[in-house]
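Coordinates in review
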Amino acid sequence: MSRDLEQELKQRLQQKKILLMTHLVLGYPSLAVNREVIRQMAEAGVDCIELQIPFSEPIADGPVILKASQYSLDRGISVEACLRFGQEMAAAFPRVRFLFMTYYNIMFKYGELAFLRRTRDIGLCGTIVPDLPPEEGHDYLAASKELGLAPVQFFTPTSSEERMSHVAAQGAGFIYCVARRGVTGKQTAFDHALEQYLVRCRQATSLPLAVGFGIGNREDVAMLTGKADMAVIGTATIKLVDAKGPTAVGPFIAELLA
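Cut-off values and rules
- Residues numbered from 1 in each chain as written.
- Predicted model: local features only at pLDDT ≥ 70, side-chain atom pairs only at ≥ 80, totals over all residues.
- Heavy atoms only, no water.
- Helix = DSSP H or I, 4+ residues; strand = E, 2+ residues; numbered from the N terminus.
- Rg over C-alpha atoms; globule rule 2.2 N^0.38 Å.
- Buried < 20%, exposed > 50% of the residue type's maximum accessible area, 1.4 Å probe, protein only.
- Contact = heavy atoms within 4.5 Å.
- Areas by Shrake-Rupley, 256 points an atom, 1.4 Å probe, with all protein chains shown as cover.
- Phe/Tyr/Trp six-rings, centres within 6.5 Å; stacked < 30°, edge-to-face > 60°.
- Lys NZ or Arg CZ within 6 Å of the ring centre and 35° of its normal.
- Pairing = 2+ DSSP bridges.
- Axes fitted to C-alpha atoms, helices over the stretch in contact; angles between N-to-C directions.
- Parallel < 35°, antiparallel > 145°, perpendicular 65-115°, else oblique.
- Left-handed = near helix turned anticlockwise from the far one by under 90°.

**Considering the overall build of the protein chain**
Counting secondary structure elements, the protein chain contains 12 helices and 8 strands. Taken against the 2.2 N^0.38 rule, which gives 18 Å for 258 residues, the C-alpha radius of gyration of the protein chain at 17 Å falls within 12% of a compact globule. Dimensions along the principal axes, computed over C-alpha positions, put the protein chain at roughly 45 × 40 × 35 Å. When the 258 residues of the protein chain are sorted by exposure, 54% land in the buried category. Across the protein chain, the fraction of contacts at a sequence separation of at least 24, relative to all contacts at a separation of at least 6, is 72%. Accessible area for the protein chain stands at about 11100 Å²; split by element, carbon and sulfur atoms hold 52% of it.

**Points about the packing of aromatic side chains**
Applying the stated criterion across every chain, the model contains 7 aromatic pairs. A centroid spacing of 5.8 Å and a plane angle of 85 degrees characterise the contact between tyrosine 110 and phenylalanine 115, whose relative ring orientation is edge-to-face. Each ring, one from tyrosine 176 and one from phenylalanine 213, has its centre 6.1 Å from the other, and the planes form 80 degrees; the classification is edge-to-face. Separated by 37 residues along the polypeptide, tyrosine 176 in strand β6 (residues 175-178) and phenylalanine 213 in the loop between β7 (209-212) and α10 (218-224) bring together distant segments of the chain. Here the two residues tyrosine 176 and phenylalanine 213 agree in accessibility, since each one is buried. Connected via pairs of aromatic rings, a cluster forms that spans Phe100, Tyr110 and Phe115. The ring of tyrosine 71 carries arginine 75 above its face, with NZ or CZ at 3.6 Å from the centroid.

**Quick look at the sheet that holds strand β5 (residues 150-155)**
Read around the barrel, 8 strands follow the order β1-β2-β3-β4-β5-β6-β7-β8 and close on themselves; strand pairing throughout is parallel. Pairs of neighbouring strands in the sheet enclose a mean axial angle of 30 degrees, with direction left out of account. Sheet topology note: the β6/β7 ladder contains 4 bridges and is parallel. In the sheet register, valine 178 faces β7, and the bridge partner there is glycine 212. Strands in contact with helix α6 (residues 112-121) are β3 (97-101) and β4 (126-128); relative to β4, the strand with the most contacts, it is inclined by about 125 degrees.

**Notes on the packing of helix α8 (residues 161-170) against helix α9 (residues 192-204)**
Helices that pack against each other are described as a pair by the angle of their axes relative to one another and the distance between those axes. Viewed as axis vectors pointing N to C, α8 and α9 meet at an angle of 50 degrees, and their least axial separation amounts to 9 Å. Judged by the inter-axis angle, α8 sits oblique to α9. The two elements α8 and α9 meet at a crossing, and its hand is right-handed. Contacts between α8 and α9 involve Glu161, Met164, Ser165 and Ala168 from the former and Tyr197, Arg200, Cys201 and Ala204 from the latter.

**Some points on the environment of asparagine 105**
Turning to its location among the elements, asparagine 105 is positioned in helix α5 (residues 104-110). Exposure remark for asparagine 105: the relative accessible area of 41% places this residue in the partly exposed category. Distance from asparagine 105 to serine 56, taken between C-alpha atoms, is 9.9 Å for residues 49 residues apart in sequence.

So this is what it looks like as structure tokens:
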């Protein structure tokens, strides 16, 4: 399935100039709202969706996602509820490729192999674990690939060419290119440095490139078109749901892809 994800994304790129991956925190503000937001995302043409299983110390996330995670945890969201919800969404929207995003403590506590097997069995295609570098994730990487899951790996602006090549060789599906230093949510500057970074990313791997951290509007997506394969929208949709409710998500996604 990991190889299938890579090939499917490449096939979709023959029909689209750029793909879109969105993100939401499970249980924020409720699974019922999550369900409606995902429906709107799917109907608007989103290609991949990150389902974030909340964790108390999400070190890669900015204040908006941190707040959403804590809200969800305070209201009793469980890993089991997240897994069941993921299964429901994968069955309901088969055109969307769903991935779990979480931190390693969640997977470790559940049981690494058991978590990955469950992820595969419920119909998700991979996992995104930002606090597990490949040097510490040998079992996770091997099990993911054996199960046909994509263990998505990260490039950052500080990654050397040697590091990028090493990381890319460990991953599958696509590479998540962090657009800037720091945590999620802050606006990213689309400047010459970012363009050069994306050129280096492209040279380091044949996997599709997904760019996230600070991508929030149609202009951002347009700037990435031709330089990356998939734009990642996270904090922007959470803010939108907070401000205008879940019904605002569909038109927002449609505008991004217009």
